[in-house]
Amino acid sequence: MGSSRYCILLTAVCSLLVTGAEAQESPGQRQLVNDGVVRLMAGSYESTDLRMAVDLANALDDGYDLRVIPMVGKGSVRNVEDLLYLRGVDIAMVQSDVLDFYRRNDLISNIDGRLRYITKLSNEEVHVLARAEFREIDDLAGRRVSFGLPESGDFMTAGILFDSLGVTVDVVTDPPERAIQLLKTGEIDAMVIVDGAPVDLIKDVGVDAELTLLPLAPSRIGASYAPATLTSDEYPNLIKSYAPIETVAVSDVLAAYNWAEDNERGRPVNHFVERLFAHYEKLLGPSYHPKWRDVDLAEELQGWQRLEAADTAKAQVALATVEYGEYLSLECVACHRATDAAGAIPTIAALPSQYFVNALKSYRDGDRLNLVMQDVAFSLDEEQMQALAAYYQQLRENGQ
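Residues numbered from 1 in each chain as written. Predicted model: local features only at pLDDT ≥ 70, side-chain atom pairs only at ≥ 80, totals over all residues. Heavy atoms only, no water.

1. Some details on the overall build of the chain
Broken down by element type, the chain carries 14 helices and ten strands. Buried positions account for 46% of the 400 residues belonging to the chain. Looking at the chain alone, contacts between residues at least 24 apart form 75% of all its contacts between residues at least 6 apart. For the chain, the accessible area works out to roughly 20800 Å², and carbon and sulfur atoms hold 51% of it. (Helix = DSSP H or I, 4+ residues; strand = E, 2+ residues; numbered from the N terminus. Buried < 20%, exposed > 50% of the residue type's maximum accessible area, 1.4 Å probe, protein only. Contact = heavy atoms within 4.5 Å. Areas by Shrake-Rupley, 256 points an atom, 1.4 Å probe, with all protein chains shown as cover.)

2. Notes on the layout of surface pockets
Put simply, the largest pocket is a space of about 1200 Å³. For the largest pocket, the lining is made up of 28 residues, of which Asp 296, Ala 298, Val 317, Thr 321 and Gln 386 are closest to its centre. At the level of elements, α11 (308–332), α12 (353–365) and α14 (382–397) are the ones that each hand at least two residues to the lining of the largest pocket. No other element matches the nine residues that α14 contributes to the lining of the largest pocket. Its residues assigned to classes, the lining of the largest pocket shows 15 nonpolar, six polar and seven charged. (1 Å grid on protein atoms, 1.4 Å probe; cavity = no way out; pocket = protein on both sides within 12 Å on 5 of 7 lines; lining within 4 Å. Points joined across faces, edges and corners; volume = space filled by probe spheres on them. Nonpolar A, V, L, I, M, F, W, Y, C, P; charged D, E, K, R; others polar.)

3. Focus: the packing of helix α3 (residues 48–60) against helix α10 (residues 266–278)
Taken N-terminus to C-terminus, the directions of α3 and α10 make an angle of 85 degrees; their axes are 10 Å apart at the nearest point. With respect to α10, the element α3 is oriented roughly perpendicular. Residues Leu 56, Ala 59 and Leu 60 of α3 form the contact with α10, whose participating residues are Phe 272, Arg 275 and Leu 276. The residue makeup of the contact of α3 with α10, split by class, is five nonpolar, no polar and one charged. (Axes fitted to C-alpha atoms, helices over the stretch in contact; angles between N-to-C directions. Parallel < 35°, antiparallel > 145°, perpendicular 65-115°, else oblique.)

4. Description of the nonpolar core
The biggest cluster of nonpolar side chains holds 33 residues, and the ones touching the most others in it are Leu 56, Ile 118, Leu 254, Phe 272 and Leu 276. Of all elements in the fold, only β1 (37–41), α3, β3 (91–95), β4 (115–131), β10 (245–257), α10 and α11 reach the threshold of two or more residues within this core. If one sorts the elements of this core by residue count, α3 sits on top with seven residues. Residues Val 145, Phe 162, Ala 190 and Ile 221 belong to the second largest nonpolar core, which totals 23 residues. (Core = buried A, V, L, I, M, F, W, Y, C linked by side-chain atoms within 4.5 Å.)

5. Section: the environment of Glu 331
With respect to the helices and strands, Glu 331 occurs in helix α11. Considered as a pair, Glu 331 and Val 376 are 45 residues apart in the sequence and their alpha carbons are 8.5 Å apart.

6. A look at the pattern of salt bridges
As a working rule, side chains carrying opposite charge can pair if their charged atoms are close by. This model, assessed by the stated rule, comprises 20 salt bridges. The salt bridge partner of Asp 82 is Arg 78, with a shortest N-O separation of 3.7 Å. One end of the pair is Asp 82 and the other is Arg 78, both in helix α4 (residues 76–85) and four residues apart, which spans about a single turn. Looking at Arg 78, the relative accessible area reads 25%, which means it is partly exposed. Salt bridges sharing partners connect three or more residues here, namely Glu 300, Arg 306, Asp 311 and Lys 314. (Salt bridge = Lys/Arg side-chain N within 4 Å of Asp/Glu carboxyl O.)

7. A look at the confidence of the model for the chain
Model confidence for the chain is summarised by a mean pLDDT of 85, while 90% of its residues fall at 70 or above. Across the chain, the element-wise mean pLDDT spans from 52 in helix α1 (residues 2–25) up to 98 in strand β5 (residues 144–146). (pLDDT = per-residue confidence, 0-100.)

8. Quick word on helix α13 (residues 371–378)
Three or more residues of α13 are buried, namely Met 373, Gln 374, Val 376 and Ala 377. The buried residues of α13 occupy an angular sector of 160 degrees when the element is viewed end-on, so they sit on one face. Seen from the buried face of α13, the exposed residues on the opposite side, beyond 90 degrees, are Leu 371, Asp 375 and Phe 378. One side-chain oxygen at the N-terminal end of α13 lies 3.1 Å from the backbone nitrogen of Val 372; it belongs to Asn 370. (Arc of directions from axis to C-beta. Polar contact = N/O pair within 3.5 Å; in protein donor to acceptor, adjacent residues only side chain to side chain.)

9. Considerations on the pairing of β3
Among the five residues that make up β3, five are buried, leaving the element largely enclosed by the rest of the structure. Side chains Ile 91, Met 93 and Gln 95 project from β3 onto one buried face, and the interleaved Ala 92 and Val 94 project onto a second face that is buried too. In terms of strand pairing, β1 meets β3 through two bridges, oriented parallel. Each residue of the ladder has a partner; that of Met 41, found in β3, is Ala 92. Where β3 meets β10, five bridges bridge the pair, whose relative direction is antiparallel. From the neighbouring strand, Ile 91 faces β10, where its bridge partner is Ala 256. (Pairing = 2+ DSSP bridges.)

Printed below as a string of structure tokens:
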């Protein structure tokens with residue numbers, strides 16, 4: 001009986017292999033499988049970048065028309081090099097300060113003409129994890145501090161920040177997984193990780209590890225970095241609920257090669273962009289990384305030029321939002337006038353967009369009382385409120 005089952009199974013497997021071989025020999029099948037592939041170079045195995053890249057694959061894959069393949073990268077500096085030179089890489093996740101790094105060191109000719117951004121992603125916080133005996137960043141002067149691997153974004157940003165602070169340290173270069181072990185054994189005094197909080201490697205540090213996160217004062221850092229805060233919700237073993245840690249953050253960027261309009265390599269990237277802008281709301285679901293909730297696809301990124309397909313998609317989404325807002329406004333005009341005053345009832349288009357949205361939320365939350373407005377506000381979700389605000393903002397900008 002066992003031999004008979006084995007033979008049946010072997011026959012079935014061989015049949016599948018023959019079918020697969022026949023498909024592989026078909027030029028049409030090979031082209032079908034490859035045409036819609038977008039290879040996305042992300043961060044290291046434990047990074048937030050890689051988790052978000054997997055999210056993009058899960059949310060945007062569209063059969064043979066688009067398949068996103070996440071790839072494990074080696075940090076921002078190397079990811080830019082891979083995007084420009086490594087065969088098959090179409091998109092990369094990099095830190096926003098990497099472009100300045102390449103410009104300042106004149107590493108690649110015409111970097112601005114060859115590299116574009118699709119969208120700014122979430123911010124990545126700077127974590128300086130040190131032995132508990134240290135309390136301030138200046139205490140690390142002359143101490144052994146791991147900046148990460150030389151080609152990594154950690155190394156690049158750590159160098160810029162410590163130079164800005166005027167704190168000279170003995171730089172060592174280890175991957176984060178090894179650096180944290182060296183830190184625990186006292187062989188190094190601190191390490192720098194630039195990644196979206198919470199970072200699993202740091203979150204898993206036990207209360208008995210005798211380690212601490214050091215504050216970084218944004219006022220001492222250049223304008224390229226945004227103020228940020230690390231909290232006990234993110235690192236309960238390292239931060240007290242009443243004493244959040246001040247730090248800075250660098251923006252994470254989804255970057256692409258700037259292919260010529262008639263180059264076939266740009267086609268799947270453009271389809272990726274269209275899917276991202278059209279289906280972004282999927283990434284806000286509970287099964288995806290919470291950092292997606294911090295992303296604004298329309299936000300401009302200082303010092304970068306946007307990919308043309310992303311500019312087009314952004315404009316299309318904005319138009320669709322305004323049109324949706326116009327449809328929703330039919331309920332508003334029963335009482336309000338859009339552009340001209342109607343007695344004591346305010347003219348909606350005259351209201352600043354954020355004030356308009358905040359007012360609706362106040363009615364919904366019961367902070368402002370009006371039975372009609374509360375009923376309206378309860379019927380609107382966040383997206384609908386923003387669509388209404390966009391429609392009335394356009395009326396205001398057009399002078400209507």
